[in-house]
Amino acid sequence: MSYILQSIFNGLLAGCIYALFAMGLTMVYRVLNFVNFAHGELIMWGAYLLYLFMGDPFHFPLYVALIPALGFTILLGLGMDWIVFKPLRRTNRLTLLIAALGISFFLRNGAQLFWGAELRTYGFEIKRGWRLFHISMTANQMAIILATLGCIIIVYLLLYRSIIGKAMRAVSDNLELARVTGINAKKTIRFTWIISSALACVGGILLALDTNLQPGMGMINLVKAFAAILLGGVGNVWGALWGGIFIGLAENLSVLFISTGYKDSIAFGMMVLLLLLRPRVLYGSQE
Amino acid sequence: MTESFLEVRDVYSGYGKIEVLHGVSLTVAPKEIVCVIGPNGSGKSTLLKTIVGLIQPTRGFIQFDGSEISHKEPEENVELGIAYIPQGKNIFPSLTVMENLEMGGISLKDSRKARNAIQEIWERYPILQKRRKIKAGSLSGGEKQVLAMARASILQPRLILLDEPSIGLAPKVIDEMYHHINRMNREGIPLLIVEQNARKALRLAHRAYVLDLGRNRLEDTGEGLLNNEEVQHLYLGR
Ligand SMILES: Nc1ncnc2c1ncn2[C@@H]1O[C@H](COP(=O)(O)OP(=O)(O)O)[C@@H](O)[C@H]1O
Ligand SMILES: [Mg+2]
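Residues numbered from 1 in each chain as written. Chains lettered and ligands numbered in written order. Predicted model: local features only at pLDDT ≥ 70, side-chain atom pairs only at ≥ 80, totals over all residues. Heavy atoms only, no water.

1. Some thoughts on the site of ligand 1
All names here are of chain B.
Moving on, step 1. Taken together, Y15, V20, P39, N40, G41, S42, G43, K44, S45 and T46 make up the full set of residues near ligand 1.
Moving on, step 2. Here an oxygen atom of ligand 1 sits 3.1 Å away from a polar atom, N or O, in the main chain of G43.
Moving on, step 3. In this structure, an oxygen atom belonging to ligand 1 sits 2.5 Å away from a side-chain N or O atom of T46.
Moving on, step 4. Expressed as a share of its isolated accessible area of 560 Å², the protein-covered part of ligand 1 is 61%.
Moving on, step 5. The greatest single-element share of the shell around ligand 1, amounting to three residues, is contributed by helix 1 (residues 44-52).
Moving on, step 6. Looking at side-chain class alone, the shell around ligand 1 contains three nonpolar, six polar and one charged residues. (Near = heavy atom within 4 Å. Polar contact = N/O pair within 3.5 Å; in protein donor to acceptor, adjacent residues only side chain to side chain. Areas by Shrake-Rupley, 256 points an atom, 1.4 Å probe, with all protein chains shown as cover. Helix = DSSP H or I, 4+ residues; strand = E, 2+ residues; numbered from the N terminus. Nonpolar A, V, L, I, M, F, W, Y, C, P; charged D, E, K, R; others polar.)

Written out as structure tokens, the structure reads:
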């Protein structure tokens, strides 16, 4: 029994992180109408940038290092749009998809060149946490849940209470109408990349906090985020949130039945299945 | 000729390699309601999109209030005071009625001005105030059209381009719509209205054009076209 509870808890924990990835991915999809397959590298670079600023020669404490890590991840997101996606905006979706894969490859190899392929951690000692209803919880895990909740609240406030967030929803509803209404579409698109990259960075850091860092972490988590947005209805921010949590739960409950080694295949299988049902997502047609 | 506020002269335009307008000309004088009618696919919507800058003309000349706007972007034209209300999807469905109106005023530097404008809209269209917290996507067809016109009015446009305002609406709702349109015009705003179901629009219009296969076909007063036998036969279904 407690094993099941623990699995549910672990599932929620993983799901929180996937949700952050998926929300950012789906937002870019909603506004720009394409799946950014380089989103995973924003996750990975976000995590590594924190590692960079906490290590030689900076040795910033976590809370200080967070600021440049976020800042540079956002620049990376804005940069990939500016340099690659923006010039391709009017081409067909397949070109964008291939460009995104290209960026992904480039960024992954860049990180590997810089930090090597081996597993790394932030080097916090794992403190024994609390036990609650037979569930053990470390301080890191507590932080993950709180940070996710914080991010969700911020995203909610931005989207529904700030004028730029409302403009972003308007642009995703209808870009042409937004332009003739006087909404600054370029500014809105930049804002979307900022939020999406920031969520990727925070999620990547949380993931690395709970597990470890490796250059391949972006790719594998992109699959989960992608499965989550397919599950939640592509372009639906709250759908992505629930999709992410669902995938986290499904993975962690699956270990009750199958070997842990196959855990990652759950999201992959779900992605393939959902893509078979709705293949048009890859070409950027809204539902 | 009358002094023209908007002039479209021999405009060619289309989508990529597909040319839809093959030399269209028209004028709108200050305070005038001008109507363009024509069968489905004749290029009426394309004409309005070209004027507002969503598509660029390949040839020809467009002038608004004395300055050329042939190749301006939609954002610039909005700033100049051109409001464009597209056919069909002319509201943001996932935004509330209130948020739709906020978007209408987003380019105003002075946010107080936007708030005042919205206050005026509540007085003018009480139905919108009643529905202000509802998602615009769940409004009725007529309410959507009213919302679209109200949103466009926030920037106090100097010209309104209106694409098929009565499409898909019940006759009673159409009457109401034209009542609003007429009121806007009486306040001094010129309108260029495109309609396929033309009788109502022609009755209101000072002047009107018939567009066919991307070319000008006829031009007359609204009354004149209404009584024109050819027009009656071809476009008014009589
Ligand atoms: N986005 C588009 N891409 C290509 N062709 C289009 C597009 N929109 C309209 N057309 C074509 O342009 C022609 C004129 O369309 P439109 O201006 O919408 O006519 P109307 O508004 O008079 O019904 C039609 O043949 C239509 O198929
Ligand atoms: Mg049309």
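2. Structural notes on the coordination of the magnesium ion (ligand 2)
Residues and elements named next belong to chain B.
Moving on, step 1. The coordination sphere of the magnesium ion (ligand 2), as far as protein atoms go, consists of S45 (OG) and Q87 (OE1), spread over 2.0 to 2.1 Å. Of the two residues, S45 sits in helix 1 while Q87 sits in the loop between strand 6 (82-85) and helix 3 (97-104), which places them 42 residues apart along the sequence.
Moving on, step 2. Look at S45 and you get buried, because its relative accessible area is 19%.
Moving on, step 3. Its relative accessible area of 33% is what places Q87 among the partly exposed residues. (Donors = N, O, S within 2.8 Å, 3.2 Å for Na, K, Ca; no water. Buried < 20%, exposed > 50% of the residue type's maximum accessible area, 1.4 Å probe, protein only.)

3. Let's talk about the environment of B:G222
Residues and elements named next belong to chain B.
Moving on, step 1. Residue placement: G222 occurs in helix 9 (residues 222-227).
Moving on, step 2. Note: C-alpha distance between G222 and R207 (15 residues apart in sequence) is 4.8 Å.
Moving on, step 3. For G222, the residues in contact, after removing those within four places along its chain, are L202, A205, H206, R207 and A208. (Contact = heavy atoms within 4.5 Å.)

4. Points about unusual backbone geometry
Moving on, step 1. Omega for the peptide link from A:D56 to A:P57 comes to -10 degrees, which places this bond in the cis form.
Moving on, step 2. Considering the arrangement of structural elements, one finds A:P57 in the loop between helix 2 (39-54) and helix 3 (62-88).
Moving on, step 3. For B:D10, which is not glycine, the phi torsion reads 50 degrees and is therefore positive.
Moving on, step 4. Counting through the fold element by element, B:D10 comes out in strand 1 (residues 6-15).
Moving on, step 5. For B:D10, a relative accessible area of 37% puts it in the partly exposed group.
Moving on, step 6. Even without being glycine, B:Q156 reaches a positive phi, approximately 50 degrees.

5. Comments concerning the interface of chain B and chain A
How big an interface is tends to be expressed through the accessible area that disappears when the partners come together.
Moving on, step 1. With 23 residues of chain B at the contact, the number on the chain A side is 17 residues.
Moving on, step 2. For the pair chain B and chain A, the summed buried surface comes to about 1800 Å²; carbon and sulfur atoms form 60% of the total.
Moving on, step 3. Where chain B meets chain A, there are four salt bridges. (Buried area = accessible area lost by both parts, 1.4 Å probe. Salt bridge = Lys/Arg side-chain N within 4 Å of Asp/Glu carboxyl O.)

6. Quick look at the state of the cysteines
Residues and elements named next belong to chain A.
Moving on, step 1. What the rule picks out here adds up to zero disulfides over all chains.
Moving on, step 2. Between C16, a free cysteine, and C151, which holds the nearest cysteine sulfur, the sulfur-to-sulfur gap is 10 Å.
Moving on, step 3. Free of any disulfide, C151 has its nearest cysteine sulfur in C201, 9.8 Å distant. (Disulfide = S-S within 2.5 Å.)

7. Some words on the sheet that holds strand 1 of chain B
Residues and elements named next belong to chain B.
Moving on, step 1. Read across the open sheet, the four strands follow the order 2-1-4-5; overall the sheet is antiparallel. Both outer strands of the open sheet, strand 2 (18-28) and strand 5 (67-68), are each paired with one neighbouring strand and no more.
Moving on, step 2. Where strand 4 (residues 59-64) meets strand 5, two bridges bridge the pair, whose relative direction is antiparallel. Across the sheet, residue Q63 finds its bridge partner in strand 5, namely E68.
Moving on, step 3. Running at roughly 110 degrees to strand 1, helix 1 makes contact with strand 1, strand 2 and strand 4 of the sheet. (Pairing = 2+ DSSP bridges. Axes fitted to C-alpha atoms, helices over the stretch in contact; angles between N-to-C directions.)

8. Observations concerning the confidence of the model for chain A
The predicted coordinates should not be examined in detail at positions where pLDDT is low.
Moving on, step 1. Averaged over chain A, the pLDDT score is 91; the fraction of residues at 70 or greater is 97%.
Moving on, step 2. Looking at the elements of chain A, mean pLDDT is at its lowest for strand 1 (residues 130-132) of chain A, recorded as 74, and at its highest for helix 2 of chain A, recorded as 97. (pLDDT = per-residue confidence, 0-100.)

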